[in-house]
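Coordinate inspection notes
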Amino acid sequence: MISVILPAVAPAHALAQLLAQLVPAAVDGLVKEVVIAGAAEPGLEALIEDSGARFVAAAGDRGALLSAGAAVARGDWILTLDPSRGLPETWRGPVEAHLAGGAGAAALLLAPGGWLARLNAAPLGLLVRRRDYVATSGFAGSAPEKALAGRLKARRVKV
């Protein structure tokens, strides 16, 4: 169902922690695949092999890495995540609720906290239907998730 795209911009141990958080969702069928996009770094190959993730060699800014991952995504939905920020343990409930009742809208995933903190903080990720991603100009710029979320009028979902 969901293809998770992780840009390889964080150390391998941060990617490993995030992959571990995704395992239960993969076992249950919510996460179909994980795509890691970036440059091959020491330790990354073993992590990819051990986790079963797919690797896409890519260079450039965050938008370029996310675009490279999205180009090979096979799920109906794409979920971009920031490996350096991780996910709260409660992430699945809001995401599943959005998938069930969000009428196909994109969702900008925000960390819990006050309104002002969420307004100024970078999103944890973006959940978007693959077909909607393909119909747009994709990820670009210094804040690619926020830019795409704006173009798609994404809902804000607190995880």
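Look up: the structure comes first, before these words.
Heads up: these notes are all about the structure in this document. These figures come from a predicted structure and were not determined experimentally.

Look at helix 1 (residues 12-27): 22 Å from first C-alpha to last across 16 residues, which is about the 22 Å you get at 1.5 Å a residue. Of all the bends in helix 1, the greatest, near 30°, is centred on glutamine 21, and the proline proline 24 appears no more than four residues after it. Residues of helix 1 that are buried: Ala14, Leu15, Leu18, Leu19, Leu22 and Ala25. Tucked inside the fold, the buried residues of helix 1 contact strand 1 (2-7), strand 2 (31-38), helix 2 (44-51), strand 4 (77-81) and helix 4 (92-101). Residue glycine 29 follows helix 1 closely and has a positive phi angle near 90°.

Here the focus is the pairing of strand 2. For strand 2, the buried fraction is high: seven of the eight residues fall into the buried class. Remark: the strand 1/helix 1/strand 2 crossover connection has right-handed handedness. Here strand 2 pairs with strand 3 (residues 54-57) via four bridges, running parallel. Bridge pairing in strand 3 places isoleucine 36 opposite phenylalanine 55. A crossover connection joins strand 2 to the parallel strand 3 through helix 2; in handedness this β-α-β unit is right-handed.

What follows deals with helix 3 (residues 62-72). When we look at burial in helix 3, the residues that qualify are Arg62, Gly63, Leu65, Leu66, Ala68, Gly69 and Ala70. Of the surrounding secondary structure, the elements contacted by the buried residues of helix 3 are strand 1, strand 2, strand 3, strand 4, helix 6 (130-135) and helix 7 (144-152).

The next point concerns the sheet that holds strand 4. Strand order in the open sheet formed by seven strands is 3-2-1-4-6-5-7, with mixed pairing between adjacent strands. For this open sheet the edge positions go to strand 3 and strand 7 (155-158), each flanked by a neighbour on one side alone. Averaged over all adjacent pairs, the angle separating strand axes in this sheet is 25°, with direction ignored. The sheet strands contacting helix 7 are strand 4, strand 5 (107-110) and strand 6 (125-129), and the helix crosses strand 6 at an angle near 40°.

Procedures and definitions
Residues numbered from 1 in each chain as written. Predicted model: local features only at pLDDT ≥ 70, side-chain atom pairs only at ≥ 80, totals over all residues. Heavy atoms only, no water. Helix = DSSP H or I, 4+ residues; strand = E, 2+ residues; numbered from the N terminus. Expected span 1.5 Å × (residues − 1). Bend = angle between axes of the 7 residues up to and from the residue. Buried < 20%, exposed > 50% of the residue type's maximum accessible area, 1.4 Å probe, protein only. Contact = heavy atoms within 4.5 Å. Right-handed = clockwise from strand over helix to strand, strands pointing away. Pairing = 2+ DSSP bridges. Axes fitted to C-alpha atoms, helices over the stretch in contact; angles between N-to-C directions.

Bear in mind that shape data such as this cannot, by itself, settle questions of function.
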